[in-house]
2 protein chains.
Amino acid sequence: MVRWEPGAAARLRAAAFDLYAETGFEQTTVARIASRAGVTERTFYRYFADKREVLFAGSEDIQHSMVAAVETSLPSLDAAKLVAIALEALAAFFPADRRAFSRRRQAIVDSQPALQERELLKLAALKRALAAALVGHGVEPARAAVAAESAVGVFSVSFARWLTEEGERGLDAVQREVLAELRAIVMWV
Amino acid sequence: MVRWEPGAAARLRAAAFDLYAETGFEQTTVARIASRAGVTERTFYRYFADKREVLFAGSEDIQHSMVAAVETSLPSLDAAKLVAIALEALAAFFPADRRAFSRRRQAIVDSQPALQERELLKLAALKRALAAALVGHGVEPARAAVAAESAVGVFSVSFARWLTEEGERGLDAVQREVLAELRAIVMWV
């Protein structure tokens, strides 16, 4: 019988992040995460496939929301406008009050080559999903590949800048800045 | 005693590619590669760390040559011109007569998720190396990240297009086309 435990996923994630930061990702077991969150190991596995997935569970949501934004946009929009919509959907996932959490997560990911690899795979999947959504929206495949590459490139550079910078700018503002820099570069290559 | 064997690396690579295509990457052993190339296993390991590295040995050369091109360029060049120089160095690695080889290699890489991951890691390393070279050349770090992302993005989209398209265009021509498409997109995002 599956019992509903209010807030268990959030408690598990908080417990996992604390333990990864305190004793390292490698050393942390699912048993310790569950115990600190006050739930059973079985409850952990109801929410996450393994201890790595605690860090990456959000990336499917991000991808779905970006793809949905493209799919539900006006049929008449061109590749550039669809890239803008994709970037907006990505930025909406990271409001200002999520930055502290994202910073903690990034520090853990950066501490382990295997986690960095997983992050690269998720970005590559995001790129493929966006290219497919663009093609589904009528963008010619070759152009969709360029558009998806540039959108995910702008997002990932902006995200890294947003995590490390001072101040209170949102990710959307950083993305606009990076886009302006990208324009200035590609104009003169 | 290390004995010099003329053409052993090239023979080993040809033997490995044949076997990967015939019996699959997973099923191929270093012993079979060495035997088909007419050398000992020890000779194999003189040239390659493992059977995976036969596919990725070239990527260090590519990276070094791209970094060297940036490092030896005029000090007065800006980020855009350095991106152009990096792209030129990358394209120079793939003359028209290398396309058949690159296609065979790509088919093998695409057949195995672990090899695709390795390819993503190599592209990420290429990006980091280019960003570092740009910073070494006086480009401000934030701008260097954008420039490196766009250069490696253009290269990887162009490379995929070059491998799949008909006709005899060089990679440099494809890169120019992709750059033009990228400009047209980022102008209107």
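1. Re the overall build of chain A
1) Next: The secondary structure content of chain A amounts to nine helices and zero strands.
2) Next: If you line up chain A on its principal axes, its C-alpha atoms span 55 × 40 × 30 Å.
3) Next: For chain A, the proportion of its 189 residues judged to be buried stands at 47%.
4) Next: At a minimum sequence separation of 6, the contacts of chain A that also span at least 24 residues come to 62%.

2. Notes on the environment of A:Glu140
Residue and element names in this part refer to chain A.
1) Next: Structurally, glutamate 140 can be placed in the loop between α7 (113–136) and α8 (141–164).
2) Next: Residue classification places glutamate 140 among the partly exposed positions, given a relative accessible area of 45%.
3) Next: For the pair glutamate 140 and arginine 176, spaced 36 residues apart in sequence, the C-alpha to C-alpha distance is 25 Å.

3. Some remarks on empty space enclosed by the protein
Regions of empty space are outlined by a rolling probe, equal in size to a water molecule, passed over the atoms.
1) Next: Per the counting criterion, the structure on display carries one cavity of 30 Å³ or more.
2) Next: Around the largest cavity, the lining comprises 16 residues; the ones closest to its centre are A:Glu149, A:Ser150, B:Glu149, B:Ser150 and B:Leu182.
3) Next: Here the lining of the largest cavity is composed, by residue class, of 10 nonpolar, four polar and two charged.

4. A short note on the layout of surface pockets
All names here are of chain A.
1) Next: Quantified by volume, the second largest pocket comes out at close to 250 Å³.
2) Next: For the second largest pocket, the lining is made up of 16 residues, of which Leu87, Glu88, Asp172, Gln175 and Arg176 are closest to its centre.
3) Next: Taken together, the elements giving at least two residues each to the lining of the second largest pocket come down to α5 (79–92) and α9 (171–186).
4) Next: Per-element tally for the lining of the second largest pocket: the top contributor is α9, with six residues.
5) Next: Grouping the constituent residues of the lining of the second largest pocket by class yields 10 nonpolar, two polar and four charged.

5. Quick notes on the interface of chain B and chain A
It is common to report an interface's size as the accessible area lost on association of the parts.
1) Next: At the junction of the two partners, chain B supplies 32 residues and chain A supplies 32 residues.
2) Next: Surface buried jointly by chain B and chain A totals about 2,900 Å² across both partners, of which 73% is contributed by carbon and sulfur atoms.
3) Next: It is B:Val146, B:Ile185 and B:Val189 in chain B that bury the most area against chain A; as a group they hold 21% of the surface buried on that side.
4) Next: Across the chain B-chain A interface, the total number found is zero salt bridges.
5) Next: Linking chain B with chain A are eight residue pairs in polar contact (both at pLDDT 80 or more).
6) Next: Looking at the side of chain B that touches chain A, the elements that each hand over two or more residues are α5 (79–92), α7 (113–136), α8 (141–164) and α9 (171–186) of chain B.
7) Next: Per element, the largest residue contribution to the side of chain B that touches chain A is 11 residues, and it comes from α8(B).
8) Next: Here the residues of the side of chain B that touches chain A are counted per class, giving 22 nonpolar, three polar and seven charged.

What counts and what doesn't
Residues numbered from 1 in each chain as written. Chains lettered and ligands numbered in written order. Predicted model: local features only at pLDDT ≥ 70, side-chain atom pairs only at ≥ 80, totals over all residues. Heavy atoms only, no water. Helix = DSSP H or I, 4+ residues; strand = E, 2+ residues; numbered from the N terminus. Buried < 20%, exposed > 50% of the residue type's maximum accessible area, 1.4 Å probe, protein only. Contact = heavy atoms within 4.5 Å. 1 Å grid on protein atoms, 1.4 Å probe; cavity = no way out; pocket = protein on both sides within 12 Å on 5 of 7 lines; lining within 4 Å. Points joined across faces, edges and corners; volume = space filled by probe spheres on them. Nonpolar A, V, L, I, M, F, W, Y, C, P; charged D, E, K, R; others polar. Buried area = accessible area lost by both parts, 1.4 Å probe. Salt bridge = Lys/Arg side-chain N within 4 Å of Asp/Glu carboxyl O. Polar contact = N/O pair within 3.5 Å; in protein donor to acceptor, adjacent residues only side chain to side chain.

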